[in-house]
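A structural walkthrough
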Amino acid sequence: MTQLNSAFTLFLSLLVEAIPFLLLGVLFSGLLQFFVDERRLLAILPKNPLLGAFTGSCIGFLFPVCECGNVPVARRLLMQGAPVSVAIGFLLAAPTINPIVFWATWTAFRDQPEIVFLRVGFSLAIATIIGFIFSVQTDLRPLLQPGVASAITMRSQSADSTPSLLQSGTYFLGQSAKPLITDPSELQAAMMATVSKPMSFRLRLLLENTVQEMRELGAVLILGSAIAALVQVFVPRDLILSLGQSPITSILAMILLAGVVSICSTVDSFFALSFASTFTSGSLVAFLVFGPMIDLKGVGLMLSVFKPRAIFYLFALAAQLTFILTLFINLYIS
Amino acid sequence: MARTSIRSFLPWLDVVAIAAWGVLLLYYWLSEKLFLLIHPNYIGLTVAAGIFLLFVSGLKGLFLLRSSRSRQPSAPIQHMTLFPPGLGSLLLLTVAIAGLLITPRAFASQTALDRGVTDAITLTRVKPQSFRASTRTEDKTLIDWIRTLQVYPEPDAYTGQKAKVQGFVVYPPNLPEQYLLLTRFVITCCAADAYPVSLPVKLTTGDRKSYSPDGWLEVEGQMLTETLDNKRQLTLQAKSLKSIPEPKNPYNY
């Protein structure tokens, strides 16, 4: 009974902590949509896959959102027709490469500044590499959820024939009794051309968007937090921690812990700090780099964009790159 | 017909679910239960989120009311991409109601044992920044003692100093009946990263059975060095133990 209550308290604390950040993410995502002409932003992004992936990784600095908030933005970037490399780079790096996270990590590891810089450097490198690898797949649609893929299809069609339904507000509100749009992703796609619409209309759509995303991403967050809380309470931490003292197993244990605990990237450096005395520096960096990219909670959110196959690729690449880079730190530097 | 009425009901489910979360966050704030869940630094953010959720829900409700009066389809029909219609909102609503009904409880001895309260080194994550040498040692909290130890770990340096600390009781499985651990949880963000710090207390009379686990105590006494579990440790020899109610804010930071 005590265990159950602990699990429930933990579950609620994760939610209460994460919901404001989720809300911030949804709002940023919506505001970006309604008040920034993304087509113009996208037009100035470099087309070169490597540069694009790097730029995408750095865009996070403009959007201080953690991993609850980056998925909606990445989804929207994709639907707006951003190059694959940019969107993937953003998805993986944004939770780490932003001012709030940098500041939090600095506060926690003030006396080990190398951890702060290694975190930022490795996140940038890994996100850029994975973005570059994904850009080989020029048509990402087979890897995306049908809703997102169809938004891209609609986009490319509308680009071909300019007077499209998409660019008309009347399409959206519907003159006929039968509503035309039946999917939130399509709704988002339809809202892409709203920057030129009147303010009241835009605000109204911003509201609809916020409600829908809160509902959808909020429900996923609940499932992820429930799993994270149950695992934390019912699997003894000792079991996870006893896996790691050596250079190799400590990294593997930390990658596992990062994936399980699903703690928000704005605060995970404090969590990692508690292991600073018992774990290798490389494994701490692994926790800080890998956790924001992929964890149980985040996988739930990513399922709103990607098919499971793509998430597996992202997971495998991120885990391997994190492992190799941090093992290098453990063996040769610290 | 039944389908139509369910569809017209779904947007209202969104309104109620979002409002319920707004109410939950504000209720936790007003009943001071947020202290059990998150670090005080984040309370402002949570309260703002609560207010904003209520605002969003109210605005959405207003639009729905207006559009139902004018009998216009207000918004496109909403389908989930991840969940069947209504399930997402239902999940949000259920958890919010559960949160209102079930009281979150501060972590206690079981969690402390699970989280390694008996480990060799108890360290705090935020390193001490400054010391006031003139501080009366009785004014130090349990966390202050642990932080002091972290900077200068030699227990003999503190022998004979007076102490008065508060915490809850944990029975250490590896120590004799004469000892108990006076424990506090420290949180840096939310309950998910709460970690225990503790000080062994040596009872001069009787054994720990008279103090049940999880009970809150204020212990006054003197510091001494003991060899416990093959380690030299700073131990508080109790002169008086007083039961106290669980503090409103049981964590330390």
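About the thresholds
Residues numbered from 1 in each chain as written. Chains lettered and ligands numbered in written order. Predicted model: local features only at pLDDT ≥ 70, side-chain atom pairs only at ≥ 80, totals over all residues. Heavy atoms only, no water. Helix = DSSP H or I, 4+ residues; strand = E, 2+ residues; numbered from the N terminus. Buried < 20%, exposed > 50% of the residue type's maximum accessible area, 1.4 Å probe, protein only. Contact = heavy atoms within 4.5 Å. Areas by Shrake-Rupley, 256 points an atom, 1.4 Å probe, with all protein chains shown as cover. Expected span 1.5 Å × (residues − 1). Core = buried A, V, L, I, M, F, W, Y, C linked by side-chain atoms within 4.5 Å. Domains from an automatic or database assignment. Pairing = 2+ DSSP bridges. Axes fitted to C-alpha atoms, helices over the stretch in contact; angles between N-to-C directions. Parallel < 35°, antiparallel > 145°, perpendicular 65-115°, else oblique. Left-handed = near helix turned anticlockwise from the far one by under 90°. Nonpolar A, V, L, I, M, F, W, Y, C, P; charged D, E, K, R; others polar. pLDDT = per-residue confidence, 0-100. Salt bridge = Lys/Arg side-chain N within 4 Å of Asp/Glu carboxyl O. Phe/Tyr/Trp six-rings, centres within 6.5 Å; stacked < 30°, edge-to-face > 60°. Polar contact = N/O pair within 3.5 Å; in protein donor to acceptor, adjacent residues only side chain to side chain.

1. Notes on the overall build of chain A
- Scanning chain A from N- to C-terminus turns up 17 helices and zero strands.
- Every one of the 334 residues in chain A was classed for burial, and the buried ones make up 60%.
- Within chain A, counting contacts between residues at least 6 apart in sequence, those at least 24 apart form 81% of the total.
- Here chain A displays about 12200 Å² of accessible surface, and carbon together with sulfur accounts for 72% of that area.

2. A short note on the overall build of chain B
- Each helix and strand counted, chain B has six helices and six strands in total.
- Within chain B, the fraction of its 253 residues that count as buried is 49%.
- The contacts in chain B between residues at least 6 apart in sequence include a share of 69% that link residues at least 24 apart.

3. Brief notes about helix α7 (residues 113-134) of chain A
- End to end, α7 of chain A covers 32 Å across 22 residues, agreeing with the expected 32 Å (1.5 Å per residue, within 8%).
- Within α7 of chain A the residues assigned to the buried category are I115, V116, R119, F122, S123, L124, I126, A127, T128, I130, G131 and F134 of chain A.

4. Here we look at the nonpolar core
- Counting 128 residues, the largest nonpolar core has F109, I130, L144, F306 and L314 of chain A together with W21 of chain B as the members making the most contacts within it.
- A total of 13 residues in this core trace back to one element, the largest contributor, which is helix α1 (residues 2-35) of chain A.
- Both domain 1 (2-101) and domain 2 (109-252) of chain B contribute no fewer than three residues apiece to this core.
- Counting residues in each nonpolar core, the second largest holds 23 residues, with Y158, L199, M223 and L236 of chain B among its members.

5. Some words on the pairing of strand β2 (residues 179-186) of chain B
All names here are of chain B.
- Burial analysis of β2 places eight of its eight residues in the buried class, the great majority of the element.
- Both faces of β2 are covered, namely the face carrying Y179, L181, T183 and F185 and the face carrying L180, L182, R184 and V186.
- Summarising the sheet, strand β1 (residues 162-170) and β2 pair through three bridges and their orientation is antiparallel. Across the sheet, residue V170 finds its bridge partner in β2, namely L181.

6. Looking at the packing of helix α15 (residues 281-293) of chain A against helix α17 (residues 308-333) of chain A
All names here are of chain A.
- The interhelical angle for the contact between α15 and α17, taken along N-to-C directions, is 160°, at an axis separation of 8 Å. Taken as axis vectors, α15 and α17 run roughly antiparallel relative to one another. Relative to α17, the crossing made by α15 is right-handed. Along its contact with α15, which presents S281, G282, S283, V285, A286, V289, F290 and M293, the element α17 presents F315, A318, A319, T322, T326, I329 and N330.
- Residues that form the contact of α15 with α17 fall into these classes: nine nonpolar, six polar and no charged.

7. A look at α17 of chain A
- Along its 26 residues, α17 of chain A runs 36 Å from first to last C-alpha, staying within 8% of the 38 Å computed at 1.5 Å per residue.
- Residues of α17 of chain A that are buried make contact with α5 (84-93), α7, α13 (247-261), α15 and α16 (296-302) of chain A.

8. Focus: the confidence of the model for chain A
- The predicted model of chain A averages 77 in pLDDT, with 75% of residues at 70 or higher.
- The low-confidence segment residues 160-183 of chain A (pLDDT under 50) makes 34 contacts with residues lying over four places distant or belonging to another chain.

9. As for the environment of I324 of chain A
- In this structure, I324 of chain A sits in helix α17.
- Here the alpha-carbon distance between I324 of chain A and A286 of chain A, two residues 38 residues apart in the chain, equals 9.7 Å.

10. Digging into the pattern of salt bridges
- Scanning the model with the defined rule gives nine salt bridges over all chains in all.
- Of the charged contacts in the structure, one is a salt bridge between E208 of chain A and K60 of chain B, with a shortest N-O distance of 3.2 Å. Here K60 of chain B lies in helix α3 (residues 43-69) and E208 of chain A lies in helix α11 (residues 199-234), a pairing that spans two chains.
- Residue class for K60 of chain B comes out buried when judged on its relative accessible area of 3%.
- Its salt-bridge partner being R215 of chain A, residue D14 of chain B comes within 2.6 Å of it at the nearest N-O pair.

11. Examining the packing of aromatic side chains
Residues and elements named next belong to chain B.
- Scanning the entire structure with this criterion turns up 11 aromatic pairs over all chains.
- Between F107 and F185, the ring centres sit 5.7 Å apart and the planes meet at 65°, which makes this aromatic pair edge-to-face. Separated by 78 residues along the polypeptide, F107 in the loop between α4 (87-101) and α5 (109-114) and F185 in strand β2 bring together distant segments of the chain. Residue F107 shares its accessibility class with F185, and that shared class is buried.
- When the ring of W145 is compared with that of Y158, the centres are 6.2 Å apart and the planes differ by 85°; the resulting orientation is edge-to-face.

12. Some thoughts on unusual backbone geometry
Residue and element names in this part refer to chain B.
- The backbone of E32 shows a phi angle near 60°, a positive value even though the residue is not glycine.
- Residue position: E32 is located in the loop between α1 (2-30) and α2 (34-37).
- Residue classification places E32 among the partly exposed positions, given a relative accessible area of 32%.
- Here the phi dihedral of D214 falls at roughly 75°; this positive angle occurs in a residue that is not glycine.
- Locating D214 in the fold gives a position in the loop between β3 (195-202) and β4 (216-228).

13. Let's talk about the side chain of T9 of chain A
- The topology assignment puts T9 of chain A in helix α1.
- Among the polar contacts made by the side chain of T9 of chain A, one reaches the main-chain carbonyl oxygen of N5 of chain A at a distance of 2.8 Å.
- Excluding its chain neighbours within four sequence positions, the residues that come into contact with T9 of chain A are L36, L37, P104, R105 and F107 of chain B.

14. Things to note about the packing of α13 of chain A against α15 of chain A
Residue and element names in this part refer to chain A.
- It is the contact of α13 with α15, at a shortest axis distance of 8 Å, that shows an interaxial angle of 30°. When the interaxial angle is binned, α13 and α15 end up roughly parallel. For the pair α13 and α15, the crossing hand works out as right-handed. Seen from α13, the contacting residues are S250, I251, M254, I255, L257 and A258; seen from α15, they are G282, S283, L284, A286, F287, F290 and G291.
- Tallied by class, residues from the contact of α13 with α15 come to nine nonpolar, four polar and no charged.

15. Focus on the confidence of the model for chain B
- Counting all residues, the mean pLDDT for chain B is 81, and 83% of those residues have values of 70 or more.
- In this model, residues 74-80 of chain B is a region of pLDDT below 50 whose contacts with residues beyond four sequence positions or in other chains number 25 contacts.

16. So, the environment of I51 of chain B
Residues and elements named next belong to chain B.
- Note on placement: I51 falls in helix α3.
- According to the relative accessible area criterion, I51 is partly exposed, its value standing at 48%.
- In this structure the C-alpha to C-alpha distance between I51 and W21, which are 30 residues apart in sequence, comes to 9.7 Å.

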